[in-house]
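These are the residues of each chain, in order.
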Amino acid sequence: MLFDRSIKIAPSILAADFANFGAECRAIEAQGADWVHVDVMDGHFVPNLTFGPAMCAALRPHIAGVMDVHLMIAPVDPYIDAFATAGADIITAHLEAGSHIHRTLQAIRATGKKAGLALNPGTGLDAVPQLLDLVDLVCVMTVNPGFGGQSFIASQVAKVRALRAMIGDRPIHIEIDGGVTVATAPLVAAAGADVLVAGSAVFKGGSGGNPAPYGANIAAIRAAAEAARG
Ligand code: DX5
Ligand code: ZN
């Protein structure tokens, strides 16, 4: 994975057709997705359950590009090797998921995968400077994690701006996750984000259409974000 700060759209398959994940992954990539975002939830760290490493391994042959695995689980450490073996390219853990995020990020890096740090909306940036040497991505949650289709929390835009300044020239992605739409993408792109996760806004229109409308949805979010960067 080469690093750059171009706008990348990462559809969250949480909003895909659960009976057709393989086809949905192939469809979004064919229609312009840069990364595929996989939301792993445990019913404990967040109030919802999705899927685990076996699902990631099953999806891997259907994803040609980057598999971006967002772990909303606690504890994290016992499962890192399983997600690495399942073929994740990026493994993101939450700061709030345990007392030892530094150790968790080290363990992710030790697998040879890229390491991501996710921050809930109620979490500040205080810990981030101490972790910058261990991360390839910081994910700013713009909803409280657990469900797709929630409204964007605008107070996070200032956090993105401060994070962008903190990162400086380091090769660290800023990812936004939650409530990203054509209307909100410009706010975070202007503040310095480069990876935009979008579930409902990409998959709206469903897989029933032929072709599915994913390409137009992805292109619209990308165009709005790029225009805001000037
Ligand atoms: C929230 C997940 C997100 C979510 C995004 O817990 O981490 O990835 O699926 O969905 P939308 O774009 O619908 O807010
Ligand atoms: Zn996510």
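These remarks concern the structure in this document. Just so it is clear, the structure is predicted and the values come from calculations on it, not from any experiment.

## Considerations on the site of ligand 1
Okay, step 1: Taken together, the neighbourhood of ligand 1 is formed by 20 residues, with Asp39, Gly146, Asp177, Gly199 and Ser200 sitting nearest.
Okay, step 2: At 2.7 Å from an oxygen atom of ligand 1 is found a side-chain nitrogen or oxygen belonging to Asp39.
Okay, step 3: The side chain of Asp177 places a nitrogen or oxygen atom 2.6 Å from an oxygen atom of ligand 1.
Okay, step 4: Relative to its free-state accessible area of 380 Å², ligand 1 is covered by the protein chains to the extent of 99%.
Okay, step 5: For the shell around ligand 1, the elements supplying multiple residues, two or more each, are β2 (35-41), β3 (66-72) and β8 (195-198).
Okay, step 6: In terms of residues, the shell around ligand 1 owes the most to one element, β2, which gives 3 residues.
Okay, step 7: Tallied by class, residues from the shell around ligand 1 come to 8 nonpolar, 10 polar and 2 charged.

## Digging into the coordination of the zinc ion (ligand 2)
Okay, step 1: Protein-derived coordination of the zinc ion (ligand 2) comes from His37 (NE2), Asp39 (OD), His70 (ND1) and Asp177 (OD), at a distance range of 2.0 to 2.3 Å.
Okay, step 2: With 6 donor atoms in place around the zinc ion (ligand 2) and angles of 68 to 170 degrees between them, the coordination shape is octahedral.
Okay, step 3: In the primary structure, the donors to the zinc ion (ligand 2) are separated according to the pattern H-x1-D-x30-H-x106-D. One end of the pair, His37, is in strand β2; the other, His70, is in strand β3, with 33 residues separating them in the sequence.
Okay, step 4: Using a relative accessible area of 0% as the deciding quantity, one classes His37 as buried.

## Some remarks on helix α4 (residues 101-110)
Okay, step 1: Among all positions in α4, only Ile101, Thr104, Leu105 and Ile108 are buried. Buried residues of α4, seen end-on, are gathered within an arc of 95 degrees and therefore sit on one face of the element.
Okay, step 2: Along its buried surface, α4 packs onto α3 (80-85), β4 (90-94) and β5 (114-119).
Okay, step 3: Looking one or two residues past α4, Gly112 carries a phi angle of roughly 90 degrees, positive in sign.

## So, the nonpolar core
Okay, step 1: Ranked by internal contacts, the top residues of the largest apolar core, which has 74 residues, are Ile13, Val38, Val69, Ile176, Leu196, Val202 and Ile221.
Okay, step 2: With 11 residues, the next largest nonpolar core counts Ala10, Val66, Ile90 and Met141 among its residues.

## A closer look at unusual backbone geometry
Okay, step 1: Here the residue pair Ala74 and Pro75 is connected by a cis peptide bond, since its omega of 0 degrees sits within 30 degrees of zero.
Okay, step 2: Residue position: Pro75 is located in the loop between β3 and α3.

## Some thoughts on the pattern of salt bridges
Where charged atoms from two side chains of opposite charge approach closely, those side chains can pair.
Okay, step 1: One pass over the full model with this rule turns up 5 salt bridges.
Okay, step 2: In this structure, Lys8 and Asp4 form a salt bridge, with 3.2 Å as the shortest nitrogen-oxygen distance.
Okay, step 3: For Lys8, a relative accessible area of 6% gives the class buried.
Okay, step 4: In this structure, the salt-bridge partner of Asp89 is Arg60, at a minimum N-O distance of 2.8 Å. Residue Asp89 is found in the loop between α3 and β4, and its partner Arg60 is found in the loop between α2 (53-59) and β3; the two are separated by 29 residues along the sequence.
Okay, step 5: The class of Asp89 is partly exposed, set by a relative accessible area of 22%.
Okay, step 6: By sharing partners, the salt bridges in this structure join Asp4, Lys8 and Asp194 into a single network.

## Some thoughts on the pairing of β3
Okay, step 1: Counted residue by residue, β3 has 7 buried out of 7 residues, so it is predominantly covered.
Okay, step 2: Here β3 shows no split at all, with Val66, Asp68, His70 and Met72 on one side and Met67, Val69 and Leu71 on the other all buried.
Okay, step 3: As paired elements, β2 and β3 share 7 bridges and run parallel to each other. The residue bridging Trp35 from the neighbouring strand is Val66, located in β3.
Okay, step 4: At this point the chain moves from β2, through α2, to the parallel β3, and the crossover so formed is right-handed.

What counts, and where the lines are drawn
- Residues numbered from 1 in each chain as written.
- Chains lettered and ligands numbered in written order.
- Predicted model: local features only at pLDDT ≥ 70, side-chain atom pairs only at ≥ 80, totals over all residues.
- Heavy atoms only, no water.
- Near = heavy atom within 4 Å.
- Polar contact = N/O pair within 3.5 Å; in protein donor to acceptor, adjacent residues only side chain to side chain.
- Areas by Shrake-Rupley, 256 points an atom, 1.4 Å probe, with all protein chains shown as cover.
- Helix = DSSP H or I, 4+ residues; strand = E, 2+ residues; numbered from the N terminus.
- Nonpolar A, V, L, I, M, F, W, Y, C, P; charged D, E, K, R; others polar.
- Donors = N, O, S within 2.8 Å, 3.2 Å for Na, K, Ca; no water.
- Tetrahedral: all angles 85-135°; square planar, octahedral: opposite > 155°, others 65-115°.
- Buried < 20%, exposed > 50% of the residue type's maximum accessible area, 1.4 Å probe, protein only.
- Arc of directions from axis to C-beta.
- Contact = heavy atoms within 4.5 Å.
- Core = buried A, V, L, I, M, F, W, Y, C linked by side-chain atoms within 4.5 Å.
- Salt bridge = Lys/Arg side-chain N within 4 Å of Asp/Glu carboxyl O.
- Pairing = 2+ DSSP bridges.
- Right-handed = clockwise from strand over helix to strand, strands pointing away.

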